[in-house]
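Below are the chains, spelled out letter by letter.
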Amino acid sequence: MAPIPGSGLAKGLAVTLRTMTKKTVTEQYPDTQPDLPPRTRGVIGLFEENCTVCMLCARECPDWCIYIDSHKETIPAAAPGGRERSRNVLDRFAIDFSLCMYCGICIEVCPFDALFWSPEFEYAETDIHELTHERDKLREWMWTVPAPPALDPAAEEPKEIAAARKTAEKLAATQAAQAAEAAQAAQAAEATRAGESVEPTQAAAVTEATHPKPTQAPPAEPPEPAESAQPNPAEATHPKPVVDPADPPEGQS
């Protein structure tokens, strides 16, 4: 269906009429600060502790308005026989806001969350050269960054938080196991010390009760002398008479 001629003009006049009937609200700035949206791109704040001097923000900046200087320091080995390490130490971090076009690329590419948007906007200067702000000023603006919005209760748990929680649970379990082992070792040492302090008589009684002595057998009687197999000489000289059972005894007829 073709649009009616003059419909666009009528819609525009309707918007004008509605606006004319509303009450005008004037904010008394600077006495009353404006209520800015939380994602306002006012100025860039620097959280210096998170910066690793990776130079990604300076390389990705389309206006080349970020200036970074650093030097390397050697860290001694953490354990004997280990290897020394080197790290970059930040010396200068400055942003020239006379060149910045507030695209936010530096904040998006930072892998360690060292740059944030701040709603602060009152940093006008009378000299353009003073719009290059160093890291001390950028750090002050960091404290004006609003807190991030709360996560949706039905949203999935972030991977970083899940990994940190699992690591914390493993560490807690390891510490609990080490504490239990230490308690058992202490109990064993206490029991050993208690066993050494027992009186000798009690120790002997305990030893005899646990390891009784073997029962001694009564002494064996001496064996009877064996009868000699040699004949008696008297018997050989006077042999015993052989009695016939059929003969009557002497004195009987």
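Residues numbered from 1 in each chain as written. Predicted model: local features only at pLDDT ≥ 70, side-chain atom pairs only at ≥ 80, totals over all residues. Heavy atoms only, no water.

Enquirer: Any chance you could explain the overall build of the chain here in plain terms?
Expert: Of regular secondary structure, the chain possesses 7 helices and 5 strands. Order of helices (α) and strands (β) in the chain, N terminus to C terminus: α-β-α-β-β-α-β-β-α-α-α-α. The buried share of the chain, taken over its 253 residues, is 15%. Roughly 21,200 Å² of accessible area belongs to the chain as shown, and the carbon and sulfur atoms make up 58% of that amount. (Helix = DSSP H or I, 4+ residues; strand = E, 2+ residues; numbered from the N terminus. Buried < 20%, exposed > 50% of the residue type's maximum accessible area, 1.4 Å probe, protein only. Areas by Shrake-Rupley, 256 points an atom, 1.4 Å probe, with all protein chains shown as cover.)

Enquirer: Hey, could you run me through the environment of Gly45 in this one?
Expert: Mapped onto the elements, Gly45 comes out in strand E1 (residues 43-46). Accessibility expressed as a relative area gives 0% for Gly45, which makes it buried. Note: C-alpha distance between Gly45 and Val145 (100 residues apart in sequence) is 7.5 Å. Contacts of Gly45, omitting those with residues within four sequence positions, involve Ala114, Leu115, Phe116, Leu138, Trp141 and Met142. (Contact = heavy atoms within 4.5 Å.)

Enquirer: Would you take a moment to explain the side chain of Thr40 for this structure?
Expert: Within the fold, Thr40 resides in the loop between helix H1 (7-20) and E1. Looking at Thr40, its side chain comes within polar contact range of the main-chain oxygen of Pro37, at 2.6 Å. Those residues within four positions of Thr40 in sequence are excluded, and the remaining contacts are Trp117, Ser118 and Pro119. (Polar contact = N/O pair within 3.5 Å; in protein donor to acceptor, adjacent residues only side chain to side chain.)

Enquirer: In this structure, what is going on with the pattern of salt bridges? I would like to understand it.
Expert: Two side chains of opposite charge can pair, provided their charged atoms sit close to one another. Per the counting criterion, the structure on display carries 8 salt bridges. As a salt-bridge pair, Arg165 and Glu169 come within 3.4 Å of each other at their nearest N and O atoms. Separated by 4 residues within a single helix, Arg165 and Glu169 lie in helix H5 (residues 159-196), roughly one turn from each other. The class of Arg165 is partly exposed, set by a relative accessible area of 36%. Linking Arg193 and Glu190 is a salt bridge whose minimum nitrogen-to-oxygen distance equals 2.4 Å. With Arg193 and Glu190 both in helix H5 and 3 residues apart, this pair spans about one turn of that helix. Classification of Arg193 by relative accessible area gives partly exposed; the value is 48%. Connected through shared salt-bridge partners, Glu157, Arg165 and Glu169 make up one network. (Salt bridge = Lys/Arg side-chain N within 4 Å of Asp/Glu carboxyl O.)

Enquirer: Where do I start with the packing of aromatic side chains in this structure?
Expert: Note on aromatic pairs: each is described by the distance of the centres and the angle between the planes. Under the definition given, this model contains 6 aromatic pairs. Aromatic pair Tyr123 and Trp141: ring centres 5.4 Å apart, planes at 55°, arrangement tilted. Placement of Tyr123 in the loop between strand E4 (115-118) and strand E5 (132-133) and of Trp141 in helix H4 (residues 135-142) is noted, with a sequence separation of 18 residues between them. Residue Trp141 is classed as buried on the basis of its relative accessible area, which comes to 4%. (Phe/Tyr/Trp six-rings, centres within 6.5 Å; stacked < 30°, edge-to-face > 60°.)

Enquirer: How do you make sense of the sheet that holds strand E2 (residues 66-75) when you look at a structure like this?
Expert: One open sheet holds the 3 strands; their spatial order is E2-E3-E5, and the pairing between them is antiparallel. Each having just a single partner strand, E2 and E5 make up the two edges of the open sheet. Each of strand E3 (85-96) and E5 is contacted by H4, which is oriented at about 85° to E3, the strand it contacts most. (Pairing = 2+ DSSP bridges. Axes fitted to C-alpha atoms, helices over the stretch in contact; angles between N-to-C directions.)

Enquirer: Would you take a moment to explain the side chain of His133 for this structure?
Expert: Its location among the elements puts His133 in strand E5. For His133, a relative accessible area of 7% gives the class buried. Setting aside anything within four residues of it in sequence, one finds His133 in contact with Phe93, Ala94, Ile95, Phe97, Tyr123, Glu125, Leu138 and Trp141.

Enquirer: What am I meant to see in the pairing of E1 here?
Expert: Side chains on a regular strand alternate between the two faces of the sheet. Here E1 shows no split at all, with Val43 and Gly45 on one side and Ile44 and Leu46 on the other all buried. In terms of strand pairing, E1 meets E4 through 4 bridges, oriented antiparallel. Paired with Val43 across the bridge in E4 is Ser118.

Enquirer: What exactly am I supposed to notice about the layout of surface pockets here?
Expert: Space left empty within the atom packing is revealed by a probe, the size of a water molecule, rolled over the atoms. There is about 630 Å³ of room inside the largest pocket. Along the wall of the largest pocket there are 16 residues; nearest its centre are Arg39, Ile107, Phe116, Trp117 and Val145. Listing elements by their share of the lining of the largest pocket, those giving two or more residues are helix H3 (105-109) and E4. No other element matches E4, which puts 3 residues into the lining of the largest pocket. Of the residues assigned to the lining of the largest pocket, the class counts are 10 nonpolar, 2 polar and 4 charged. In this model, the second largest pocket occupies a volume close to 160 Å³. For the second largest pocket, the full set of lining residues is Glu48, Cys51, Thr52, Val53, Arg87, Asn88, Val89 and Leu90. Residues belonging to the lining of the second largest pocket are distributed by class as follows: 4 nonpolar, 2 polar and 2 charged. (1 Å grid on protein atoms, 1.4 Å probe; cavity = no way out; pocket = protein on both sides within 12 Å on 5 of 7 lines; lining within 4 Å. Points joined across faces, edges and corners; volume = space filled by probe spheres on them. Nonpolar A, V, L, I, M, F, W, Y, C, P; charged D, E, K, R; others polar.)

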